Each structure stands twice: as structure tokens, then as C-alpha cells.
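In case you want the letters, here they are:
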Amino acid sequence: MLPLSQFLIMENIRFYAMILILTINIHIVRNAEENLASKLRAERMQRIKCGYDLKTLWTAELAHAPFAASPLITHVNDDQKLDIVAAPFSESFSVLDSETGKILPNTAWPALNLDNSVHASPIQFDVNNDGQLDILFATSSAEFRFYTSTGLFLRNHTLQLPPIYVAADWYKSELIVKFEDISKYTSQTPQKESNYLPIDPHVLATPVLADLNNDYKVEELVIPVSYFYEEDDYRVGEKLQRLGGLNFSDIDKYLVAGITVMNLTTGETLWSKLLDLTQVDATFPAYNIFSPTVIDLDVVGGQLEVIMGTSAGSMFVFNHDGSVRKGWPVSQNTIHGQITAADLAGDGVVQMVTIDTSSNVICYDKEGTKRWESIISGTSSPGSRLFDVNRDGTLDIIITTNDGHIYALNGVDGTVLPDWPVSIGARTTANVLITRVSTTHTSPDMVVVADDGSIHLISMDLKCKSQIPIGETSLVQVLSHDLSLWFSGLELLVATNDGTVMCLATGQELAEFQNDNDEPLKANHLISLTSDPKTVNDFSFSEQKPGIYVTLFNKKEMEVTGETFPVEFEIIDPLYKPGKSKYFVAISYGNRLLMQGEFPEPKTYTVSAPAGEEPSHGHVTVRLTNQYGQVFEDRFSIRFNKLIMEDLQWLLLAPFIAMIVILLVLHGFPAKDLLPYTNQSKSN
């Protein structure tokens, strides 16, 4: 036992040590707070200097599940205003008013989706041929559900992909089966005399709706399919018994990548191909988890080719009828992201850019020959987008990576551009949006949400870089459009990992509603991003690219009477090349083609289109296709002969009303009711 004096000395030492530690901790906390405050002040000053002043206009909490695919900004009803179609991973499908973020009133939205998940963005197609574009949701179990603009489920139009059949013991002789040998072990029809198992179809990416055969009807749906057994579906023994007693531990031995093309007008399958066969835990598993790409590789403004890359490292090019194009498929490591296809060098030749999980970026020509190969850090989940970064007249390739970098590669030779990559310090899983956010500089800006809960803003000249905390993360592309006409510029649309949709204003609040000036509306339409990608094959962000714009003449409330109506649109192409540039325009009412033709040059045209034979209301789509098969479109709502119908109703009703009035004047009101009725006894 210590003497009292020594004990007191030690207690004093311990006391002063605690005070010293507490003082040091207070200084550390104060310094951290001062550093954080200083950092926040610096970031705020940087945002002010760079003109990045985002305001949250509204948020809509739609689900507790993340968005696995981007929403769709479009016209759903006939009020000429933009709407937002949102399909989170599960729980419900919703349509929101773009001005307020509220569910469309007087409709059946939201539609419950409790029994399935969704990996695909919504698609519009007039499946019941009434002139109004219906909304197609592709579920993960390969079921295609159509809803009307008011949210009614069109059950009779539901489509379901069938299973495929795989030899039960295929894996005993092969580790991976490629396209040239896959027919030895698989079949698209039941094999009664063989030991084949039915494998369930899944859609894990957004299908592509296109005009593959160039008949001016956009009705071919190109579907990426992955066939496998979902573990949660087969934990119950009853389902396994249907597979001939297959052991639960063996269900991951069957994985097939496929592609199917359906005609949505008829509901028939046009062609279907099985691409790769592996086990689920293979080094390069045969998933098909990214959207196909469609484009005219021959640059004649004709039929489209279908480009598809699989996780097994196979890259395919199919002709519009499903035949394999000469020189394909080619092999590389696991392909990640949708394949980008465009005329990169501006020489009239389409090239294709792929990214694999080994950080390789490869550019192919239409014959399947490598033009160049480059290496980046990390890998890319979404693929790539295009922008002329160094203003040399050729497109450069913009790639986000999982290690927090944004790369810009020269589209001609694949070299990394000077001063790139740019680090944002956190993982990103979506492509950048390139648009105009700043109010102080003229350079376009990159916008992306990272895993640090912030939205990152970087000018394309790299002079401005800022991040704004939003407290949310996102797996999908940030979209943009003129969602609120009360604010200047474009608004950003962020779909988050907790099932929330956020609308952020980039411009200033206006004193009055701006909806009667064509020029800013046209500019916003051309640089907007309404889906991911904007159309089925528009991968570039540029003000120097083709486009089409329907003028305000048609976008104001349209009531049409008579047999025809005028459509006024402007073809835009700053890089117009006489004799080489081609412009094919198709005008459709819902799913019905009204007229089509080739137009010689970029300018404003007014054409006469046939009106509907019966009173109706719906959507008119004006669609421009160029020599590459690239699609650009604009849309407006219309009412055919509705006023005449209403006038006829009043004309038919008027004599009856007049007769009633005359009888009442001559005879007065009857003492008893004119019509008999039954009064049920209260005792009953």
C-alpha cells in the first residue's frame, strides 16, 4: 500500500494529465471544426465563382428500394407538359408531374409492383392503337406489362418470354460454351427425348425499341436476356421437383446469355439467339446485363444492325433479321457497359467502343478489326459517352470509373487527353451528364452523383470543380430537361438509392411563366437528356449534332378538325454536308404512321398530315433518322375532332331538352315523379 503522500502526488499527476489530454482534444476538435468550416467556405466561394447554384425544387419519395435504371422524362397525358415515369427496383410504378413532383392527379398511378423487381427504364409504345402512348415496364422475370397514360393495367397485352432448354449435364464436358457450339447443348423448344432442363428468362437491362427493318414503324423491341435459376425462387422443394429432382446446389450450373427481338404490334418473336453458356461462378459468366446498341454500320440510312456484348466477353453484331454479320463475334474480357457506336473521327465511318473489367478500352470497326486499344484505371460500370473535349472536330470518349476517375480518350487513337483523368475521390456507377449548369462560364459542365453523397460538377475546360452534398447516392444517370418553366435553364433529375426522385434547379427563378419563346425552348430540348441514352443510339453531348424540334405552332393546345392538320418542325444540323447528310422524317400518331419522307437540308418545314378518322386524342411523334440510323425526336399532344364530337352531343341533346322545357311550361311540374321507383321496406 502506497503512502498517502505518494498517492496524492500520483492522483495529481493523473488529474493534470487528464486536463492536458482534454485540452489537446478540444484543440483538435476546434482545429477540425475550423478546417471544415474553412473548407466549406472555400467550396461555397468556388461554387459562387463557378456559377454552380443548385436549388432543390422538390423531392418525391416513391419506394424504399433503389433505382436500378433511370426514370423517363416524357409526355404522358395530353396537357403538353413534361412528366416523369419512374420505376424503382420494386414496390411501385409512378408518373409524376415535372413541375411539382406529385403523382398525376385523377389517375390510377402509382401502380403496385410488389411481386417483381425492375432493372429496366420505362418505354413508351401505343400497344392498343388508340393514339396515346402507353407505358411498358419490363420486369426482371422477363414479363412485359403495359399501362395506359392514366395508370390502368392492360392485362390482355402482357407478354412473357419463354424459358430455354439446356442439357442437364452440359458442364461435365465444357467450362464455357461459345456461340459456335452452343446449339450442341441448348434448345429454344422442349426436348422430350433428352434430359434437358427449362431455364428461366430474366431481363437485367433496358430493352431497345427501334425500327430495325427501316419500314418507318418503331415496333421492334430488342431484349437482352439472361437465363438462370433465381435462388430465392428455388429454395422451396416443390419448384425443384418440377426440374426432375435437380439439387439446389446445382442450380448455379446453368447460365445463358441471349437476345430476343419481338414485334410489339403483333406480339410475335421475330428472332432469338443464344450467345454464351457458362456456370454462374465462372471467371467470365454469361450474363447479358447491358442494353443492346442499334445503328446503321453501313451508313446508308437503311436497316439497323444490333450490337451486343456479354459478361462472357463475347461481342456480337447481328443484321436486322438475326443473321450474324461477317467477322463477328469477337472475344475479349468481360464486357461492362452498353457499347457506344458513332462516327468518332467525322469521316463517315461508324466505330464501336467497348470497356472490359480488365480496364481495357477497345475500338472496333464494322468488320470486327481493332482500330486501337487503351488502358484506364479501375473499370467502368455504365460504358461511355461522347463529347468533343479539345474542340478538334472529332468526338472524344468520356468514361467514369469505379475508382473515382473520369477519363477523356481521343476518339481517333484512344490516347488519354492532356490533364485527364479527373479525380472526384469517390466511386461512380453512372455516366456523366454533360450540360450547361454554370451561370458564369460558357464551357459545358459534367454532372455526376458519387458514392460520397454529393453531386459533382466539373467544367469541361477543367477550370471549375465543385461538389454539393445532397445526402443521397445513386446508381443511375442524372437526367436533365426544362422541367419547370418558372426557372431559367435546365433542371437536373436525380433518382437515388433510397427510392427518391429529386429535382434540382440550375438557373434563377423567373418573374413570369416562360412558355411562349421558341428559341430557349428549342435550345433546352436539344441539350436535354430525357433517358439513358437520350434515344436508342444518341451517345453524344454536343451542340454541333443533328436534332429535330417541333415548333410552338404545334406545341400550344392543339384542337384539330377536318381531314388533315399541319405539322411544323425544324431539322437542325450544324455539320451539314451536302450530298452526304441524309434526313429521313417519320410522323406518327401513337403507333400509327401518318407520313414519312426524305428531306434535303436542315431548315424549317411545314407538312400536312392526315388526321384521325374518329374523334380521339393522343401523341404525335416527329422522328428524324440520319444516314447513320441515329434517332432524334420531338413530340406533342393533339385532339382530333373532339370539338365536333362535343358539338354533336349537344345538338343531339338539344331537341330533348327543348321538349322537356316546353312540357314543363305548358303543364307545370308533375305532382308525382315521372319515373316509377321502388321503395324497400325498412322492416326488411
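Residues numbered from 1 in each chain as written. Predicted model: local features only at pLDDT ≥ 70, side-chain atom pairs only at ≥ 80, totals over all residues. Heavy atoms only, no water.

**Remarks on the overall build of the protein chain**
At step 1: Looking only at helices and strands, one finds five helices and 45 strands in the protein chain.
At step 2: Viewed in the frame of its principal axes, the protein chain has a C-alpha envelope of about 125 × 75 × 70 Å.
At step 3: With 684 residues in all, the protein chain has 54% of them scored as buried.
At step 4: Of the contacts made within the protein chain by residues no fewer than 6 positions apart, 58% connect residues no fewer than 24 positions apart.
At step 5: Accessible area for the protein chain stands at about 31,400 Å²; split by element, carbon and sulfur atoms hold 54% of it.
At step 6: On the protein chain, the mean spot of the 49 positive side-chain charges and the mean spot of the 84 negative ones are 2 Å from each other. (Helix = DSSP H or I, 4+ residues; strand = E, 2+ residues; numbered from the N terminus. Buried < 20%, exposed > 50% of the residue type's maximum accessible area, 1.4 Å probe, protein only. Contact = heavy atoms within 4.5 Å. Areas by Shrake-Rupley, 256 points an atom, 1.4 Å probe, with all protein chains shown as cover. Lys, Arg positive; Asp, Glu negative; His and termini not counted. Charge placed at Lys NZ, Arg CZ, Asp CG, Glu CD.)

**A closer look at the environment of Asp-215**
At step 1: Relative to the helices and strands, Asp-215 is located in the loop between β15 (208-210) and β16 (220-228).
At step 2: Judged by relative accessible area, Asp-215 falls into the partly exposed class, the value being 28%.

**Some details on the pattern of salt bridges**
At step 1: Within the structure shown, the criterion is met by 22 salt bridges.
At step 2: Two residues, Asp-532 and Arg-385, come together in a salt bridge whose shortest N-O distance is 2.6 Å. Here Asp-532 is found in the loop between α3 (518-527) and β38 (547-550), whereas its partner Arg-385 is found in strand β27 (residues 385-387), with 147 residues between them in sequence.
At step 3: One salt-bridge network, in which partners are shared between bridges, spans Asp-298, Glu-305, Arg-325 and Lys-366. (Salt bridge = Lys/Arg side-chain N within 4 Å of Asp/Glu carboxyl O.)

**A closer look at the sheet that holds strand β32 (residues 445-449)**
At step 1: The four strands lie next to each other as β31-β32-β33-β34, forming an open sheet whose pairing is antiparallel. Looking at strand neighbours, the two that pair on one side only are β31 (433-435) and β34 (465-469), the edges of this open sheet. The mean inter-strand angle of the sheet, taken between neighbouring strand axes irrespective of direction, is 25 degrees.
At step 2: The sheet contact formed by β31 and β32 spans three bridges and is antiparallel. Within the sheet, the bridge partner assigned to Thr-435 lies in β32 and is Asp-445. (Pairing = 2+ DSSP bridges. Axes fitted to C-alpha atoms, helices over the stretch in contact; angles between N-to-C directions.)

**Let's talk about empty space enclosed by the protein**
At step 1: One pass over the full model with this rule turns up one cavity of 30 Å³ or more.
At step 2: Roughly 190 Å³ of internal volume is contained in the largest cavity.
At step 3: If you go around the largest cavity, you meet 14 residues; those closest to its centre are Asp-211, Asn-214, Tyr-216, Arg-623 and Thr-625.
At step 4: Of all the elements in the fold, those that place two or more residues in the lining of the largest cavity are β41 (583-589) and β44 (616-625).
At step 5: When residues in the lining of the largest cavity are grouped by element, the largest group, three residues, is from β41.
At step 6: Its residues assigned to classes, the lining of the largest cavity shows seven nonpolar, five polar and two charged. (1 Å grid on protein atoms, 1.4 Å probe; cavity = no way out; pocket = protein on both sides within 12 Å on 5 of 7 lines; lining within 4 Å. Points joined across faces, edges and corners; volume = space filled by probe spheres on them. Nonpolar A, V, L, I, M, F, W, Y, C, P; charged D, E, K, R; others polar.)

**Remarks on the packing of aromatic side chains**
At step 1: One pass over the structure, following the stated rule, counts 22 aromatic pairs.
At step 2: With a centroid separation of 5.5 Å and 45 degrees between ring planes, the pair formed by Trp-271 and Phe-318 is classed as tilted. Taken together, the positions of Trp-271 in strand β18 (residues 269-278) and Phe-318 in strand β21 (residues 314-318) put the pair 47 residues apart, joining distant regions of the chain. An identical accessibility class is assigned to Trp-271 and Phe-318; each is buried.
At step 3: Directly above the aromatic system of Tyr-171 lies the positively charged group of Lys-253, at a separation of 5.4 Å from the ring centroid. (Phe/Tyr/Trp six-rings, centres within 6.5 Å; stacked < 30°, edge-to-face > 60°. Lys NZ or Arg CZ within 6 Å of the ring centre and 35° of its normal.)

**Structural notes on the layout of surface pockets**
At step 1: Empty space within the second largest pocket amounts to approximately 1,100 Å³.
At step 2: If you go around the second largest pocket, you meet 47 residues; those closest to its centre are Leu-395, Ser-542, Gln-544, Lys-545 and Leu-575.
At step 3: Listed by contribution, the elements that provide at least two residues to the lining of the second largest pocket are β27, β31 and α3.
At step 4: At three residues, the largest contribution of residues to the lining of the second largest pocket is made by β27.
At step 5: Taken together, the residues of the lining of the second largest pocket break down into 19 nonpolar, 14 polar and 14 charged.

**Considering α3**
At step 1: Burial in α3 covers these residues: Lys-522, Asn-524, His-525 and Ile-527.
At step 2: For α3, the secondary structure elements touched by its buried residues are β31, β35 (479-481), β38, β40 (564-572) and β45 (631-640).

**Focus: the state of the cysteines**
At step 1: Under the criterion given, the structure shown has one disulfide.
At step 2: A sulfur-sulfur distance of 2.2 Å marks the disulfide that ties Cys-50 to Cys-464. On the sign convention where negative is left-handed, the bridge of Cys-50 and Cys-464, at about -95 degrees about the S-S bond, is left-handed. Pair noted here: Cys-50 is in helix α1 (residues 4-50) and Cys-464 is in the loop between β33 (454-459) and β34, with a separation of 414 residues, a long-range link. (Disulfide = S-S within 2.5 Å.)

**Concerning unusual backbone geometry**
At step 1: Cis geometry marks the peptide bond from Trp-109 to Pro-110; its omega dihedral reads -5 degrees.
At step 2: Looking at the element boundaries, Pro-110 is found in the loop between β4 (91-97) and β5 (111-113).
At step 3: That bond from Trp-420 to Pro-421 is cis: its omega, 5 degrees, falls within 30 degrees of zero.
At step 4: By secondary structure assignment, the location of Pro-421 is in the loop between β29 (405-410) and β30 (422-423).
At step 5: In this model, Asn-106 sits at a positive phi of 55 degrees, which is unusual for a non-glycine residue.
At step 6: Considering the arrangement of structural elements, one finds Asn-106 in the loop between β4 and β5.

**A word on a nonpolar patch on the surface**
At step 1: A cluster of nonpolar side chains, Phe-15, Tyr-16 and Ile-19, forms an exposed patch at the surface whose accessible area comes to about 330 Å².
At step 2: Following the sequence through the fold, Ile-19 ends up in helix α1. (Patch = residues over 30% accessible without salt bridge, like charges linked within 9 Å, V, L, I, M, F, W, Y side chains within 5 Å.)

**Quick word on the environment of Asp-445**
At step 1: Summarising the element assignment, Asp-445 is placed in strand β32.
At step 2: The class of Asp-445 is buried, set by a relative accessible area of 0%.
At step 3: With 10 residues separating them along the chain, Asp-445 and Thr-435 place their C-alpha atoms 5.5 Å apart.
At step 4: Within the structure, Asp-445 has its side chain in polar contact with the backbone nitrogen of Val-437 (distance 3.1 Å). (Polar contact = N/O pair within 3.5 Å; in protein donor to acceptor, adjacent residues only side chain to side chain.)

**Focus on the side chain of Lys-534**
At step 1: As for its position among the elements, Lys-534 is in the loop between α3 and β38.
At step 2: In this structure Lys-534 is buried but unpaired, with Asp-538 as the nearest side chain of opposite charge at 5.3 Å.
At step 3: Residues within four places of Lys-534 in sequence aside, it is in contact with His-525, Leu-526, Ile-527, Ser-528 and Leu-529.

**Looking at the pairing of strand β36 (residues 491-495)**
Successive side chains on a regular strand alternate, one facing one side of the sheet and the next facing the other.
At step 1: In terms of burial, β36 is a largely internal element, five of the five residues being buried.
At step 2: Here three bridges tie β35 to β36, and the two strands are oriented antiparallel to one another. Residue pairing in the sheet places Leu-479 in a bridge with Leu-493 of β36.
At step 3: Counting the residues that bridge the hairpin from β36 to strand β37 (residues 500-505) gives four residues, and of these Gly-499 lies at a positive phi of roughly 80 degrees.

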